[in-house]
Every structure is written in structure tokens, then in C-alpha cells.
Amino acid sequence: MIPVIRQDPRFADAEDEDEYQSRRSNPLIRDNRTCRLKEVESSDLVKFEPPLYIQRYARVVEHCKTGQYRTIADFGTAELTFVQYLKNLDFVNQIFAVDIDRNLLNSQKHRCRPQMFDHLNKRSEPLNISVLCGSVLEFDSRLHDLDCICAIELIEHLQKDDVEKFSAALFGRYQPKNVIITTPNKDFNVLFEFEPDQMRHWDHKFEWTREEFRTFCEGVTTKYDYKFDLFGVGDPPSEHQTVGPCSQGAVFTRQASKLGSSSLEKFPTEVYETLYSVDYPVEDKSLTPDYHLTNEIIYQCNQIGIAEYQEQGDEISVISIAHLQTFPSIDQYRVSDAHIAELARATEHLRVMEDGLSILVQNVPDSPPAPYWGFSDEENDGAGPSYNYHVGAEELW
């Protein structure tokens, strides 16, 4: 019987190949960044708080904020964890999440779906997230000339012979305006009390010292039109400053503002398989602030009316406009009481008192009525009273 070579030692005791693949594809036992064993990033001598991977993400996000990058790719995205950070940046329009592990991406792609929060708090700018399956050594024209490509703790998982191919694809063909690469600092490993030549992760093909990483960066700038700045994540203990940071990184910036025609692909080349793509809800900019304020006034008046009916049985409530101005959702518009009164008069749902200082609202009963859609009792065809319950444009429950 030919022995099965299982690359993931966590499941080496699986009785057969089916059990091995089943356990390996279970998202509940995966690491938060990769499907492989978690990298060693702490020891008795050093521990990081927050965890080092969070510090790395935060540092890369800061670079994205500084550069206001609108189009970003995450190479080696794995569980799409870094995408969760990127999608919260309101200036980002496009995120490409790229990994070679199809099963992993399919098990995690649901993390890209818009949540209820995203529907209730629509973005001011469009955002598309596309999950792509393929090798970072290949070229896909959709990712050409992006604002930034991130490769967080990825390069050390490549075969040494593939590092040059990766550089050629990344800097020579994709040619993003910026590239952010992070990788372990081998000099720091002495604090992990490793065996000779031991690395932080079973799948690492190599780990670079600070000098070796600088040599790689200088080689990139010599061959391609980029400059670089080094940074570190995870400071060492004060008594071990000579080993440098636990994780080292570089930000590469393209020098040419425009790419020559010879560097562009003549024909689109979409080699990556699109496993999932989604557009996030975007607010309708044609709707004026007064439109949103009117909806908020109606909503808050109805909420106050419901509360008074439930607590005191009042069928009609008189609500002071000055009181409405104390609600942050209304106060943010910075308008006068007279303007609120004017907006309330223009609705079919509210009545402004003669003094212009208060709003009268007919309360709804305790049992929830059918939503009010704007028709009158006559249009209701005798089916019952039309209650002043307003469904705002953004209240899509």
C-alpha cells in the first residue's frame, strides 16, 4: 500500500484520505490567517499584546489610510481576515482577495457578504469585493495598475526559485502604484529558543534576516522602477533590541506616474477563477439632507408616540420641537426649530401646532399595525385606519 503524504501534520493521524481532507477543510479548526499550523509568534521570553497578526494588519491599514488607496489586492488572503479590515475603509472602492486554496476560499467567502449594518449604514462610495482563486505567480489583467497590492506573511511560503517569478509578476506585470510586503525577521528567532535551522512555521521555505530582506528589496528597486521604505512590527524586549522587530516589512512605491504602453497587456487576461463577487449598498446621493431629516423627524415622533401610548395610554401626543432637537440624529443637521416645523408641515403624517413650537402625532396601538405606505383611509377601501407608521428609505429590515 502506497503511504499517503499528508502535508498538514495536525491531521497526520487521519485513518484515510477522505478523513484527512474532511478535517483539513473544516473552518472551525483553522488558524485566523492561514489553513496551515499557526506560526510561532510568542515564547516564554516575549509575548505580544495585541497579538502580532493584529498589529501587522493595523500597520498595513495605516499605510492604506495614509495613501488613501482605492483599489487594493490582498495576496494570500486565506480566511479573508484582512479583507474585514479593508472593507471598513470608506474610501476603498475595489478589493481583490486572492488565494490558491479553492476549498478554503469557498468555506470563507461568506465573510465578504454585506451585513445588516451595511444596509442600514450605506457607504458614500461604491465598494466591490471579489474573491479570486489562483497563483500569485500568474498574471490577471484585472489586477493591473492597482493602487496597492498587499502580501502579508506570504513570500516565505514560496519556493526560493519562485521568489524571482513572484517579483517579476508583481513589479514587472501587475505594476501597482504601491506594494506592501511583510515577512518574519529571522534575527528575532533566537528569542523563540528554536532548534538550529528551525523556522516559525512548518510550511516556511525560508526566513530572511534583516540584511537578507534589505538585499531582496534593493534587488527589486534595481530591476524595477520602485523605491522602498522598511518598517517593523513587534518590538523586541528592551534587553534584546539588537534582534530587531519580530516581523519586518517594506512599502514599495512606483516611481513612474504613468505606465508606458509597452508595459501594458495587449489583451485582457483573466486567469483567476472568480469564486464570489459582491457590491456593497451605496447611499442615493440624489436624496437631500432635508429628505433624510424629514424621515428622522417622522420616525422619532412615532417612537415617542408609541412609548407614551404604551406607558400612559395616550392616543395623541404633543411633542416639543425643542425636545426633538435634543436627539443626536436630528441635532446633527444643525437647523432651526422653524425649519423642522416647515418640514413637518410638508408631510402627510404630522401636524404642527399653531404656535409652530410643537408637533401633534396620533399614536399607534400596542399591537403592531401594517406599515403605513402613504395612502389615505379612502384608498384603504375601508379595510381599517391608516396609522402614522413611516418606513424610512433606509429602514430595510
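Residues numbered from 1 in each chain as written. Predicted model: local features only at pLDDT ≥ 70, side-chain atom pairs only at ≥ 80, totals over all residues. Heavy atoms only, no water.

In this section: the pairing of strand 11 (residues 358–362). Here strand 11 lies mainly inside the structure; four of its five residues are buried. Where strand 9 (residues 316–320) meets strand 11, five bridges bridge the pair, whose relative direction is antiparallel. From the neighbouring strand, Ile 319 faces strand 11, where its bridge partner is Ile 359. Bridging between strand 10 (residues 351–352) and strand 11 involves two bridges; their strand directions are antiparallel. If you follow Val 352 over to strand 11, its bridge partner there is Ile 359. If you look at the hairpin formed by strand 10 and strand 11, you'll find five residues sitting between the two strands, and Gly 356 has a positive phi there, around 75°. (Buried < 20%, exposed > 50% of the residue type's maximum accessible area, 1.4 Å probe, protein only. Helix = DSSP H or I, 4+ residues; strand = E, 2+ residues; numbered from the N terminus. Pairing = 2+ DSSP bridges.)

Moving on: the pattern of salt bridges. Scanning all chains against the criterion turns up 13 salt bridges. For Asp 140, the salt bridge goes to Arg 142, with nearest N and O atoms at 2.9 Å. Overall, the relative accessible area of 0% leaves Asp 140 in the buried class. A single network of salt bridges, built from pairs that share partners, joins Asp 145, Asp 147, Lys 177 and Arg 254. (Salt bridge = Lys/Arg side-chain N within 4 Å of Asp/Glu carboxyl O.)

This brings us to helix 11 (residues 337–345). Within helix 11, the full set of buried residues consists of Ile 340, Ala 341, Leu 343 and Ala 344. For helix 11, the angular spread of the buried residues around the axis is 165°, confining them to a single face. Those residues of helix 11 that are exposed and aimed more than 90 degrees away from the buried face are Ala 338, Glu 342 and Arg 345. Against helix 8 (289–312), helix 9 (321–324), helix 10 (328–331), strand 10 and strand 11 lie the buried residues of helix 11. (Arc of directions from axis to C-beta. Contact = heavy atoms within 4.5 Å.)

Burial runs high along strand 4 (residues 148–152): five of the five residues are buried. Judged from the four bridges that link them, strand 1 (residues 71–75) and strand 4 form a sheet pairing that is parallel. Residue pairing across strands places Ile 72 opposite Cys 148, the latter belonging to strand 4. Bridge count between strand 4 and strand 5 (residues 178–184): four bridges; the pairing is parallel. Bridge assignment links Ile 149 to a residue of strand 5, and that residue is Val 179. Between strand 4 and its parallel partner strand 5, the chain crosses via helix 6 (residues 160–174), and the hand of that crossover is right-handed. (Right-handed = clockwise from strand over helix to strand, strands pointing away.)

At a closest axis distance of 11 Å, the pairing of helix 6 and helix 7 (residues 210–223) adopts a crossing angle of 45°. Between helix 6 and helix 7, the angle falls in the class oblique. As for the relative orientation of helix 6 and helix 7, their crossing is right-handed in sense. Of the residues in helix 7, those in contact with Val 163, Glu 164, Ser 167 and Phe 171 of helix 6 are Phe 216, Val 220 and Lys 223. (Axes fitted to C-alpha atoms, helices over the stretch in contact; angles between N-to-C directions. Parallel < 35°, antiparallel > 145°, perpendicular 65-115°, else oblique. Left-handed = near helix turned anticlockwise from the far one by under 90°.)

With that out of the way, let us pick up the environment of Glu 211. Among the secondary structure elements, Glu 211 is positioned in helix 7. On the accessibility criterion, Glu 211 (53% relative accessible area) is exposed. Sequence separation of Glu 211 and Lys 186 is 25 residues, and the distance between their C-alpha atoms is 9.9 Å.

On to the nonpolar core, then. Counting 42 residues, the largest nonpolar core has Ile 72, Phe 82, Ile 129, Cys 150 and Phe 188 as its most contacted members. Beyond its immediate chain neighbours, meaning those up to four positions away, Ile 129 contacts Val 83, Lys 87, Gln 94, Ile 95, Cys 112, Tyr 276, Ser 277, Val 278 and Tyr 280. (Core = buried A, V, L, I, M, F, W, Y, C linked by side-chain atoms within 4.5 Å.)

We now examine helix 6. Compared with an ideal rise of 1.5 Å per residue, which puts 15 residues at 21 Å, helix 6 spans 20 Å between its outermost C-alpha atoms and is within 8% of the ideal. Residues of helix 6 that are buried include every one of Asp 162, Val 163, Phe 166, Ser 167, Ala 169, Leu 170, Phe 171 and Tyr 174, and no others. Those residues of helix 6 that are buried are in contact with strand 1, strand 4, strand 5, helix 7, strand 6 (226–233) and strand 7 (247–254). Taken from the residues just after helix 6, Gln 175 is the one with a positive phi, measuring 50°. (Expected span 1.5 Å × (residues − 1).)

What follows covers the sheet that holds strand 9. In space, the three strands of this open sheet follow the order 9-11-10, with antiparallel pairing throughout. Looking at the sheet topology across the chains shown, the edges are occupied by strand 9 and strand 10.

Read across the open sheet, the eight strands follow the order 6-7-5-4-1-2-3-8; overall the sheet is mixed. Either end of the sheet is taken by a strand with one partner, and the two such strands are strand 6 and strand 8 (273–279). For this sheet the average axis-to-axis angle between neighbouring strands, irrespective of direction, equals 15°. Across six bridges, the pairing between strand 2 (residues 94–99) and strand 3 (residues 128–133) is parallel. Across the sheet, the residue bridging to Ile 95 is Ile 129, located in strand 3. Packing against the sheet, helix 6 makes contact with strand 1, strand 4, strand 5, strand 6 and strand 7, and its axis sits at approximately 165° to strand 5. Together, strand 5, strand 6 and strand 7 form the strand contacts of helix 7, whose direction differs from that of strand 6 by roughly 160°.

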